[in-house]
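# Descriptive analysis of the structure
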Amino acid sequence: MRANKHSYILMAPYMILFAVFTVLPVLVSIVLSFTYFNMLEFPKFIGWQNYTRLFLEDDVFLIALKNTLLFAVITGPISYIACFVFAWIINELSPKLRAVMTLVFYAPSISGNVYFIWLMIFSGDRYGIMNGLLLKFGFILEPIQWLKTEGYIMPIIILVQLWLSLGTGFLTFIAGLQTVDGTLYEAGAVDGIKNRWQELWYITLPSMRPQLMFGAVIQITTAFAVADVSIALAGFPSVNYAAETIVTHLIDFGTTRFEMGYASAIATVLFLIMVGSNLIVQKLLRKVGE
Amino acid sequence: MPKKRVNRSAWGTLSLFALLTVFGAFMILPLVYAINNAFKPLDEIFIFPPTLFVRHPTMNNFIDLFNLLGNSWVPFSRYIFNTVFITGTGIVGHVLLASAAAYPLAKHHFPGKKILFSIVVLSLMFTPAVTAMPNYMIMSWLGLIDTYWAVIIPAFAYSLGLYLMKQFMEQIPDVLLEAAKIDGASEYRIFWSIVMPNVKPAWLTLIILLFQILWGSDGNGFIYSEQLKSLHFAAGQVVAGGIARSGAAAAVALILMSVPITLFVFSQSRIIETMATSGMKD
């Protein structure tokens, strides 16, 4: 203990804050999920009641769950694969062109929440760029209320979410590709690798396993946490809850209705889904290139 | 990496480049549209059919924006100060604390090391929404509600920085640290004068990633006083102003996005170098 004193002292400031603002909240949230708590009275223990209400009585939660899974199943894999494929193509460009293309793909996700540009594009009047184009070329006769029509809301949010999704994961892959040992490719060519697809599967992907794992964690977490884009584009609450997600549902109960116990149950469910899907994906990734 | 590689078919190259062009356009066109909109006179924003490029560029939108914000209850400069202060303090604190914690995790052996690091890795999977409400309660117990610190202090303990720093510090050769130890340097001295200068590129990466998070934060839910709110929050209000403010909103969009993008352009090569050498070993 004494020998390691310095290690603990160096870590202490970070670890204390980390415990207070990350670990403790998760634990508090799990405990509160078994209580009725309205911020005014002391929490009252009610067992599994929040969870049974969530899955059996709350129709909107089921919509939120369905939407969130839909987001995750579509944007998760697509954005993950897109991150990799574009990083992979860009990596073969000359350094100057590589820098430009990296910026092109990375810019949307770093430009600080400017997704309200899409509000102008999908604006419901004829001056919105999408309506304008469709009217001009005669595909439609009347402007469409994109963000107020149930059927269009989800596809639009998925599109915008994909636009935003080439972030940290993308950058990690670009960097990872540059560390792959060039001599491996030459050795591969000697060993009879015939095209770039075989190169990709047998050499590039296995060499990048750590980055692939890190990227997966980031993309999965982002895919399950859709809320900001939904609120910014479709409003809160959205038309007939068409864009409700687990996180917007959580915000609804936590900050509007002050049902903290119930909101904590929602948070706990989300937390379990995220960790669970991360574990599954990491298992799958271990099989890459085998 | 060799410039020309074997095993390449022209057809494959062509189709990959076509893919890159199409999706590149999808990524960049909305931003190009946003940039052009900021310079469009109001009648051109509402032209039919809408145009991508500006025909008669004007600075009026920016002038309108500054007038609009100049007349608001809280002066515009205050929002800028708030955002810069939150971003700056958050970054400095996080880089220092995360590095100090990363050094022992990367280079020392002590009980509990594995477990501590796995908890941090696990926490990469949380979205802030999961912890937002208990965080609110903790903040209010600590009396941090409605201060800058409600945004800044949790930023000190984000998990991303510790993770990146630890992976990067593992690359520092042990010999270097042992030599310093033989010369009688204390652990703190080693951390400050040897480890920290060696991980400069990692700071830069962290600064950029954190800048994006903090620059876009609006302290929503923790900060009530108008005087303490961020640029991003003020921008949101301009955008919410509707059609009459479309020009000003376009100008806001441009101002908000130009800062992080510029920062990234200037540090791009160093960042990619860090992410590359950080190895990401598990």
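Residues numbered from 1 in each chain as written. Chains lettered and ligands numbered in written order. Predicted model: local features only at pLDDT ≥ 70, side-chain atom pairs only at ≥ 80, totals over all residues. Heavy atoms only, no water.

If you tally the helices and strands in chain B, you get 13 helices and zero strands. Across chain B, helices and strands are ordered from the amino to the carboxyl terminus as α-α-α-α-α-α-α-α-α-α-α-α-α. In terms of overall size, chain B is more extended than a compact globule, its C-alpha atoms giving a radius of gyration of 24 Å where 282 residues would be expected to give roughly 19 Å. Counting only C-alpha atoms, chain B reaches 70 × 65 × 35 Å along its principal axes. A total of 282 residues make up chain B; the buried ones form 52% of that total. In chain B, 72% of the contacts between residues at least 6 apart in sequence involve partners at least 24 apart. Of the side chains in chain B, 18 bear a positive and 13 a negative charge, and the two mean positions are spaced by 8 Å. (Helix = DSSP H or I, 4+ residues; strand = E, 2+ residues; numbered from the N terminus. Rg over C-alpha atoms; globule rule 2.2 N^0.38 Å. Buried < 20%, exposed > 50% of the residue type's maximum accessible area, 1.4 Å probe, protein only. Contact = heavy atoms within 4.5 Å. Lys, Arg positive; Asp, Glu negative; His and termini not counted. Charge placed at Lys NZ, Arg CZ, Asp CG, Glu CD.)

We now examine the overall build of chain A. In terms of helices and strands, chain A carries 14 helices and two strands. Summarising its shape, the C-alpha atoms of chain A cover approximately 75 × 70 × 35 Å along the three principal directions. Within chain A, the proportion of its 290 residues that are buried is 56%. In chain A, the share of contacts with a sequence separation of at least 24, taken over all contacts with a separation of at least 6, comes to 67%. Surface accessibility of chain A: about 12,800 Å² in total, with carbon and sulfur atoms responsible for 68%. Averaged over its 17 positive side-chain charges, chain A has a centre that lies 7 Å from the centre of its 17 negative ones. (Areas by Shrake-Rupley, 256 points an atom, 1.4 Å probe, with all protein chains shown as cover.)

Okay, the packing of aromatic side chains next. Tallying each qualifying case throughout the model produces 28 aromatic pairs over all chains. Grouped by ring-pair contacts, the aromatic residues A:Trp118, A:Phe122, A:Trp146, A:Tyr152, A:Trp163 and B:Phe26 constitute a single cluster. The side chain of A:Arg257 reaches across the aromatic face of A:Phe253, ending 4.5 Å from its centre. Over the aromatic face of B:Phe117 sits the side chain of B:Lys166, whose NZ or CZ is 3.9 Å from the ring centroid. (Phe/Tyr/Trp six-rings, centres within 6.5 Å; stacked < 30°, edge-to-face > 60°. Lys NZ or Arg CZ within 6 Å of the ring centre and 35° of its normal.)

Let us now look at a nonpolar patch on the surface. All names here are of chain A. Taken together, Phe-55, Leu-56 and Leu-62 make up a surface patch of nonpolar side chains, about 300 Å² in accessible area. For Leu-62, the location among the structural elements is in helix H3 (residues 59-91). Exposure remark for Leu-62: the relative accessible area of 37% places this residue in the partly exposed category. (Patch = residues over 30% accessible without salt bridge, like charges linked within 9 Å, V, L, I, M, F, W, Y side chains within 5 Å. Salt bridge = Lys/Arg side-chain N within 4 Å of Asp/Glu carboxyl O.)

Phi is positive for A:Phe258, close to 55 degrees, though the residue is something other than glycine. Within the element layout of this structure, A:Phe258 appears in the loop between helix H13 (246-256) and helix H14 (260-285). Judged by its relative accessible area of 41%, A:Phe258 is partly exposed. Positive phi is not limited to glycine here, since B:Asp146 has a value of about 65 degrees. Along the polypeptide, B:Asp146 turns up in the loop between helix H6 (128-142) and helix H7 (149-156). Here B:Asp146 falls in the partly exposed class, since its relative accessible area comes to 25%.

Here we come to the confidence of the model for chain B. All names here are of chain B. Confidence in the prediction of chain B, expressed as mean pLDDT, is 81, and 90% of residues score 70 or more. By mean pLDDT, the top-scoring element of chain B is helix H4 (residues 76-107) (90), and the lowest-scoring one is helix H12 (residues 231-240) (74). Scored as a complex, the prediction yields pTM 0.82 and ipTM 0.82. (pLDDT = per-residue confidence, 0-100.)

With that settled, the discussion passes to the side chain of B:Ser230. By the secondary structure assignment, B:Ser230 is in the loop between helix H11 (200-215) and H12. For B:Ser230, a relative accessible area of 3% puts it in the buried group.

Buried accessible area, meaning the area lost when the parts come together, often serves as the stated size of an interface. Contact with chain A, which involves 102 residues of that partner, is made by 96 residues of chain B. A buried area of about 8,600 Å², summed over both sides, lies between chain A and chain B, and 79% of it is on carbon and sulfur atoms. When the buried surface of chain A facing chain B is broken down by residue, A:Leu10, A:Tyr14 and A:Phe21 rank first, second and third, together holding 10% of it. Our enumeration of links across chain A and chain B arrives at zero salt bridges. Between chain A and chain B we count eight residue pairs in polar contact (both at pLDDT 80 or more) in total. At 21 residues, helix H1 (residues 5-32) of chain A tops the list of elements feeding residues into the side of chain A that touches chain B. (Buried area = accessible area lost by both parts, 1.4 Å probe. Polar contact = N/O pair within 3.5 Å; in protein donor to acceptor, adjacent residues only side chain to side chain.)

To continue, consider the packing of helix H4 (residues 95-110) of chain A against helix H1 (residues 10-38) of chain B. With their axes 9 Å apart at the nearest point, H4(A) and H1(B) run at an angle of 50 degrees to one another. Considered as vectors, H4(A) and H1(B) are oriented oblique to each other. The hand of the H4(A)/H1(B) crossing is left-handed. Here H4(A) contributes A:Met101, A:Val104, A:Phe105, A:Ala107 and A:Pro108 to the contact with H1(B), which in turn contributes B:Leu20, B:Phe23, B:Gly24, B:Met27, B:Ile28 and B:Leu31. When its residues are assigned to classes, the contact of H4(A) with H1(B) shows ten nonpolar, one polar and no charged. (Axes fitted to C-alpha atoms, helices over the stretch in contact; angles between N-to-C directions. Parallel < 35°, antiparallel > 145°, perpendicular 65-115°, else oblique. Left-handed = near helix turned anticlockwise from the far one by under 90°. Nonpolar A, V, L, I, M, F, W, Y, C, P; charged D, E, K, R; others polar.)

So, on to the nonpolar core. Residues A:Tyr14, A:Phe84, A:Phe105, A:Phe170 and B:Met169 are the most contacted members of the largest nonpolar core, which totals 189 residues. Those residues within four positions of A:Phe84 in sequence are excluded, and the remaining contacts are A:Phe173, A:Leu177, A:Leu200, A:Thr204, A:Leu205, A:Met208 and A:Leu212. (Core = buried A, V, L, I, M, F, W, Y, C linked by side-chain atoms within 4.5 Å.)

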